[in-house]
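Here is how the chains run, residue by residue.
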Amino acid sequence: MSEQIWRFNVDHTWENFSYLIEDQARTKNAENPFLKNKYKRSCLYYCEVAIESLLNRIMRDKLQNQGEKEKKIYGKLKKTGFYNKLTEWPEDVFDAKIRLTDKELSLFEIFEAYYRLRNSLTHPKHYDHSIYESLKDLNVDKIREAGTRVLLEIFILKDGIFPYWLTGWNFVGFNGDDNNPFLSNNSQFLHALSRMGFINIDFAWTADKSNEWQSNNMSCFEDLCILTKKLNEYPYTKEKVEDFNGPILTKNWWEN
């Protein structure tokens, strides 16, 4: 087996979801159709990679816990198609289906269509340029909605709560660089919420209260909607705090 390499501040799912959020915003501000198509393509790509990376992670964890060899694990991750991973693996791993209503199940159909479009753009086979009509009609907000909902439901099955970064906000200040996004955790997110005046500081400093707050406020799609709305109503695009030198929570981190 080749030598394993591990890095700090690296997570495939977080990185690709963050790229999706950034390029969703850049699509809306694109100055011409050429750039708009570029960002729409990248939104399709990053959304799919974010979801598949999480699906691969949960299956890898299961197989490793069963004592499977790396060759078998790698082969299963490589050979299973994305749609089969999406529709079968959560139930296979957690013995529970992703919690979606009939209306929300349509997101899977939407995403499957996005996935086919993404493949057609990545491996073009059409004789004409008809694929660009589909790209022109593509709604990047719907891509984010579908990707966010799928990721959230998998995280709920996996951890019981969702990670803070599904709100679209990120910390910046990695290695003292104000332009460098930083992967933190929900506990530090609560500290940011307390500095911003959203919650009592006790929920950030006390472990039991922190866990209780997360369970009560970060455990379903409705919680995510409420939390994201509150953050987006904050009068600034980043934490406005004095005498604090650590990473700060930021909405449009790519604009710093």
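To start, this report covers the structure provided alongside it. (Residues numbered from 1 in each chain as written. Predicted model: local features only at pLDDT ≥ 70, side-chain atom pairs only at ≥ 80, totals over all residues. Heavy atoms only, no water.)

Details of the nonpolar core
Stated formally: Within this scheme, the nonpolar core is defined by two criteria: the residues are buried Ala, Val, Leu, Ile, Met, Phe, Trp, Tyr or Cys, and they are joined through side-chain atoms within 4.5 Å. Exposure classes here rest on a 1.4 Å probe applied to the protein chains alone. A residue is buried below 20% of its type maximum, exposed above 50%, and partly exposed in between. In this description a helix means any DSSP run of H or I spanning at least four residues, a strand means any run of E spanning at least two, and both kinds are numbered starting from the N terminus. Note on definitions: a residue-residue contact is assigned when non-hydrogen atoms from the two residues lie within 4.5 Å.
Residues Leu166 and Phe189 are the most contacted members of the largest nonpolar core, which totals 58 residues. The element contributing the most residues to this core is helix α2 (residues 33-65), with ten residues. Leaving out residues up to four positions away in the same chain, Phe189 has contacts with Tyr164, Phe171, Met218, Leu227, Leu231 and Leu249.

Details of the sheet that holds strand β3 (residues 248-250)
Rules: What makes two strands pair is DSSP finding at least two bridges between them.
The sheet built from three strands is open, its strands ordered β2-β1-β3 with antiparallel pairing. This sheet does not close on itself; its edge strands, each paired only once, are β2 (181-182) and β3. Bridge count between strand β1 (residues 170-172) and β3: three bridges; the pairing is antiparallel. Within β3, the residue paired with Asn170 across the bridge is Thr250.

Focus on the packing of helix α1 (residues 12-28) against helix α7 (residues 140-159)
The following threshold applies: Axes here mean lines fitted to C-alpha atoms, for a helix over just the part in contact, with angles spanning 0 to 180 degrees between N-to-C directions. These descriptions rest on fixed angle ranges, namely under 35 degrees for roughly parallel, over 145 for roughly antiparallel, 65 to 115 for roughly perpendicular, and the rest for oblique. Helix crossings get a hand from a simple test, with the near helix turned counterclockwise from the far one by less than a right angle marking a left-handed crossing and a clockwise turn marking a right-handed one.
The contact between α1 and α7 brings their axes to 10 Å, and the two run at 160°. Our classification of the angle between α1 and α7 gives roughly antiparallel. Every pair of crossing elements has a handedness; the one defined by α1 and α7 is left-handed. Where α1 abuts α7, its residues Thr13, Phe17, Leu20, Ile21, Gln24, Thr27 and Lys28 lie against Val140, Asp141, Ile143, Arg144, Thr148, Leu151 and Phe155.

Looking at α2
So the rule is basically this: One less than the residue count of a helix, multiplied by 1.5 Å, gives the span that helix is expected to have.
Given a rise of 1.5 Å per residue, 33 residues ought to cover 48 Å, and the 48 Å separating the end C-alpha atoms of α2 matches this to within 8%. One or two positions beyond α2, positive phi appears at Gly67, with a value near 85°.

A look at the side chain of Thr13
For clarity, the cut-off: Any N or O atom pair separated by 3.5 Å or less is treated as a polar contact, with the protein-specific requirement of one donor-capable and one acceptor-capable atom, and with residues adjacent in sequence counted only for side-chain atom pairs.
Mapped onto the elements, Thr13 comes out in helix α1. A distance of 2.7 Å separates polar atoms of two side chains, one belonging to Thr13 and the other to Ser53. Excluding residues that lie within four positions of it along the chain, Thr13 makes contacts with Ala50, Ser53, Leu54, Arg57, Leu151, Phe155 and Trp165.

Quick word on unusual backbone geometry
In this structure, Asn9 is a non-glycine residue whose phi angle is positive, near 65°. Assignment of secondary structure puts Asn9 in the segment before α1. With relative accessibility at 12%, the residue Asn9 sits in the buried group. Its identity is not glycine, yet Asp95 carries a phi of approximately 55°, on the positive side. Tracing the backbone through its elements, the reader meets Asp95 in the loop between α4 (82-94) and α5 (102-122).

Focus on the environment of Val10
Relative to the helices and strands, Val10 is located in the segment before α1. In this structure Val10 comes out as partly exposed when scored by relative accessible area, which is 41%. Placed 173 residues apart in sequence, Val10 and Leu183 show a C-alpha to C-alpha distance of 7.5 Å.

Section: the state of the cysteines
Going by this rule: The definition used for a disulfide is geometric: two cysteine sulfur atoms within 2.5 Å.
The full count for this structure, using the stated rule, is zero disulfides. There is no disulfide at Cys225, and the cysteine sulfur nearest it, in Cys220, is 8.6 Å away. Residue class for Cys225 comes out partly exposed when judged on its relative accessible area of 38%.

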